[in-house]
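In case you want the letters, here they are:
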Amino acid sequence: MTADEAVRDAVLRLGQAGVESPQADAEWLLADLLSCNRSEIPLRTETALTAEEQDRLARQVERRARREPLQYILGTANFLGYDFRVSAEVLIPRPETEVLVELALEFLEHLPHPSVFDLGTGSGCTAVALAKRCPKATVIASDVSGAALELAKSNAESLDALGQVEFRQADGLDALTKGERVDLILSNPPYIPTAEIDALQPEVRDHDPRLALDGGTDGLRFYRLLAIEGQSRLRRGGRLMAEFGDGQERAVAGLFQQAAWPSLEIANDLTSRPRIVIACAGH
């Protein structure tokens, strides 16, 4: 079997399974198999696959057909140009969260020695990418999951950011010690209402860690925490930036307004949808 024939078979199988992008996914799987870039696939059409390679590809195609995310199968995901190891223990980094980091960098560039707290770090993509882009910053990254933290540490080590990021296992704001304050709190917390999780796409519902999805009855559990307690964990003039779900902007903004934050704005994602709340502590 040639590479071209293998891709055609994979595209057919993935299409039958309802995968949204069967051609692209098949090419990614073949590129991983052949240890080449996806852009090289058109040059490899006549490459003959060994029986072992065919078996491996068939297994991976079946995993994708069962709607396991491509990133979990490949074991890696790209975030802001950096490759992060991912597993079923962590949420796959999303493009929306790249906007969160870019906004954070705009704020931090004006501070001489900024300190950042990344709540719910998961794979470590936010904390590590921010550290790489802002070498003057020190970052505290926390997660309630020990397995997620181990993966995040591994990513920090492989991207040479371990000396800049401190990892702490804790729930919520308990990761910060009493009286400890930072310039910026970042978070992409769980925001899916519990009852809506079963209606999500199979890739999310069946494979993303529920701990990273479930935001409580109305999806706002963590925003209440951040709104009520976040300001006391920030230095004067500090900011809190948190990602939220579709249609949650009014409810999230209301929580921060009720908690008397001095200023508040909502930023859009790459598709111009309201996605990030930015709250500023007192000056």
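Keep in mind it's a predicted model, so treat the numbers as computed, not measured.

Some remarks on helix α5 (residues 95-108)
With 14 residues, α5 extends 20 Å from end C-alpha to end C-alpha; this agrees with the ideal 20 Å at 1.5 Å per step. Every buried residue of α5 is listed here: T97, V99, L100, V101, L103, A104, L105, F107 and L108.

Comments concerning the environment of I41
Following the sequence through the fold, I41 ends up in the loop between α2 (22-34) and α3 (51-65). For the pair formed by I41 and L30, sequence separation is 11 residues and the distance between their alpha carbons is 7.8 Å. In this structure, I41 is in contact with E27, L30, A31 and C36, ignoring residues within four places of it in sequence.

Thoughts on the sheet that holds strand β4 (residues 138-143)
Taken in spatial order, the 7 strands of this open sheet run β5-β4-β3-β6-β7-β9-β8, and their pairing is mixed. This sheet does not close on itself; its edge strands, each paired only once, are β5 (165-169) and β8 (263-268). Direction aside, the axes of adjacent strands within the sheet are offset by 20 degrees on average. In this structure, β8 lies alongside strand β9 (residues 274-280), joined through 6 bridges in antiparallel fashion. What sits directly across from L264, in β9, is A279. The sheet strands contacting helix α6 (residues 125-133) are β3 (115-119), β4, β5 and β6 (182-187), and the helix crosses β4 at an angle near 170 degrees. The strands touched by helix α9 (residues 221-229) are β3, β6 and β7 (234-243); relative to β7, the strand with the most contacts, the crossing angle is about 170 degrees.

So, the pairing of β5
Strand direction decides the pairing type here: β4 and β5, joined by 5 bridges, are parallel. Looking at β5, one finds that I140 is bridged to E166. Note that the unit made of β4, helix α7 (residues 146-158) and β5 has a crossover that is right-handed.

Notes on the nonpolar core
If you look at the biggest cluster of nonpolar residues, it comprises 36 residues, and the most contacted ones within it are L130, L184, L186, M241 and I276. At the level of secondary structure, the elements contributing two or more residues to this core comprise β2 (82-85), α5, α6, β4, α7, β5, β6 and β9. The dominant element in this core, judged by the number of residues it contributes, is α5, at 8 residues. If we skip the residues at most four places from it in the chain, L130 touches V101, A104, L105, L108, V116, A137, V139 and L186. Within the second largest apolar cluster, 29 residues are counted, among which are I197, Y223, A242 and V277.

Comments concerning the packing of α9 against helix α10 (residues 249-258)
The N-to-C vectors of α9 and α10 enclose an angle of 25 degrees; their axes lie 8 Å apart at closest approach. With respect to each other, α9 and α10 are oriented roughly parallel. Seen along the crossing, α9 lies across α10 with a hand that is right-handed. Note on element contacts: α10 touches α9 through V252, L255 and F256, opposite Y223, R224, L226 and A227.

Procedures and definitions
- Residues numbered from 1 in each chain as written.
- Predicted model: local features only at pLDDT ≥ 70, side-chain atom pairs only at ≥ 80, totals over all residues.
- Heavy atoms only, no water.
- Helix = DSSP H or I, 4+ residues; strand = E, 2+ residues; numbered from the N terminus.
- Expected span 1.5 Å × (residues − 1).
- Buried < 20%, exposed > 50% of the residue type's maximum accessible area, 1.4 Å probe, protein only.
- Contact = heavy atoms within 4.5 Å.
- Pairing = 2+ DSSP bridges.
- Axes fitted to C-alpha atoms, helices over the stretch in contact; angles between N-to-C directions.
- Right-handed = clockwise from strand over helix to strand, strands pointing away.
- Core = buried A, V, L, I, M, F, W, Y, C linked by side-chain atoms within 4.5 Å.
- Parallel < 35°, antiparallel > 145°, perpendicular 65-115°, else oblique.
- Left-handed = near helix turned anticlockwise from the far one by under 90°.

Function-wise, these values are silent; they only describe arrangement.
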